[in-house]
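Each chain, written out:
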Amino acid sequence: KIYKNKSLQGTLACFVTCMVVTLFIAEHYEFRSSFMPLFVMMGGLIPTLTELFTPKSLDDNFLMPILTASLLFPIYALIIS
């Protein structure tokens, strides 16, 4: 266990899966930039940290997509500007 009831394996699986999904979505929308590795890494890190530190009183499955979209969109906007 790395934090409360969260295992290292589950956290790494979340991180890798979210990175792969971010990469596929970026490729689908033809997002090409020298910042692509950073963008994909943030696409894995944001939901993983959300899942890891969300309190039991809140649903992490609800917060993960909301926080990820809310934080990745400004990063995307900064990259393309």
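In this report, the structure presented in the accompanying data block is examined. (Residues numbered from 1 in each chain as written. Predicted model: local features only at pLDDT ≥ 70, side-chain atom pairs only at ≥ 80, totals over all residues. Heavy atoms only, no water.)

1. Considerations on the side chain of Thr11
Here is the rule we go by: Helical segments are the DSSP runs of H or I of at least four residues, strand segments are the runs of E of at least two, and each set is numbered from the N terminus. Only protein chains enter the calculation, and the probe is 1.4 Å; a residue is then buried if its accessible area is under 20% of its type maximum, exposed if over 50%, and partly exposed in between. Any two residues whose heavy atoms approach within 4.5 Å are treated as being in contact.
Position of Thr11 among the secondary structure elements: in helix H1 (residues 8-28). The class of Thr11 is buried, set by a relative accessible area of 9%. Filtering out sequence-adjacent residues up to four positions away, Thr11 remains in contact with Ile2, Lys6, Thr48 and Leu52.

2. Regarding the nonpolar core
Selection rule: Put simply, a nonpolar core is a bunch of buried Ala, Val, Leu, Ile, Met, Phe, Trp, Tyr and Cys residues held in one set by side-chain atoms that sit within 4.5 Å of each other.
Ala26, Phe31, Met36, Phe39, Val40, Ile46, Leu72 and Ile79 together form the largest nonpolar core, which totals 8 residues. Contributions of two or more residues to this core are made by helix H2 (36-53) and helix H3 (60-80). Counting residues per element, this core draws most heavily on H2, at 4 residues. In contact with Val40, not counting residues within four places along its chain, are Met19, Thr22 and Leu23.

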